[in-house]
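Breakdown of the fold
One-letter residues, chain by chain:
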Amino acid sequence: QRDNLESAVKSLEKAKQTLLSGMSIAILPEGHRTTTGKMGPFKKGPFHLAKGAQADILPFAINGLFEYSKKGTFHLTPKTVTVNIGSPVPYDAFKDQPVEAIRQKIFDTIVNLTQQS
């Protein structure tokens, strides 16, 4: 429930406990599917979560999903989908940075990953 701050905070706390237990999770930081095929701004929550759980970040980009299945339709168009995985960003590399700086760095990294073939 994106419009419910209390629910969002509870979800982030549950995710934090999952990370602290040693499990990994994947978060798509835009918070929704694109309607244009272009990357949108990232939400702050995933980066607060990474700092709070002292978790490393593994940036990755998924290319081709927009053409495969556009938001608002059930029509699937067979296409090649690729996943480009970046270098891990250790917690120690961003622990003293503000969330906004982390968010921008990871955004820029993922933009670069989307441009790789």
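Preceding block: the structure.
In this report, the structure presented in the accompanying data block is examined. Because the structure is a prediction, the values reported are computed rather than measured.

**A word on the layout of surface pockets**
The computed volume of the largest pocket comes to approximately 1,200 Å³. Forming the walls of the largest pocket are 42 residues, and the residues nearest its centre are I27, L28, P29, F60 and I62. Looking at the lining of the largest pocket, the elements that each hand over two or more residues are helix 2 (45-53), strand 1 (60-63), helix 3 (65-68) and helix 5 (99-114). Looking at the lining of the largest pocket residue by residue, the classes come out as 25 nonpolar, eleven polar and six charged.

**Quick word on the packing of aromatic side chains**
Scanning the model with the defined rule gives three aromatic pairs in all. Taking 5.6 Å as the distance between ring centres and 85 degrees as the angle between the ring planes, the aromatic pair formed by Y91 and F94 counts as edge-to-face. Pair noted here: Y91 and F94 are both in helix 4 (residues 91-94), with a separation of three residues, about one helical turn. F94 carries the same exposure label as Y91, and that label is buried. These aromatic residues form a ring-pair network of at least three members: F42, F47 and F107.

**Focus on the side chain of N63**
In this structure, N63 sits in strand 1. Among the polar contacts listed, one links the side chain of N63 to the backbone oxygen of T114, at a separation of 3.5 Å. Look past the residues within four positions of N63 in its chain and what remains in contact with it is T80, V81, T82, N84, L113, T114 and Q116.

**Brief notes about the nonpolar core**
Generally speaking, a soluble globular protein has its nonpolar side chains buried in company with each other. Membership of the largest hydrophobic core comes to 13 residues, with the highest contact counts inside it found for F47, I57, F94, I102 and I106. Sort the elements by how many residues they give to this core and helix 5 lands first, with five residues. Other than its neighbours up to four places away in sequence, I106 contacts F42, F47, I57 and V89. The next biggest cluster of nonpolar side chains, apart from the first, holds five residues, and it includes A15, L19, A53 and A55.

Quick notes on the rules
- Residues numbered from 1 in each chain as written.
- Predicted model: local features only at pLDDT ≥ 70, side-chain atom pairs only at ≥ 80, totals over all residues.
- Heavy atoms only, no water.
- 1 Å grid on protein atoms, 1.4 Å probe; cavity = no way out; pocket = protein on both sides within 12 Å on 5 of 7 lines; lining within 4 Å.
- Points joined across faces, edges and corners; volume = space filled by probe spheres on them.
- Helix = DSSP H or I, 4+ residues; strand = E, 2+ residues; numbered from the N terminus.
- Nonpolar A, V, L, I, M, F, W, Y, C, P; charged D, E, K, R; others polar.
- Phe/Tyr/Trp six-rings, centres within 6.5 Å; stacked < 30°, edge-to-face > 60°.
- Buried < 20%, exposed > 50% of the residue type's maximum accessible area, 1.4 Å probe, protein only.
- Polar contact = N/O pair within 3.5 Å; in protein donor to acceptor, adjacent residues only side chain to side chain.
- Contact = heavy atoms within 4.5 Å.
- Core = buried A, V, L, I, M, F, W, Y, C linked by side-chain atoms within 4.5 Å.

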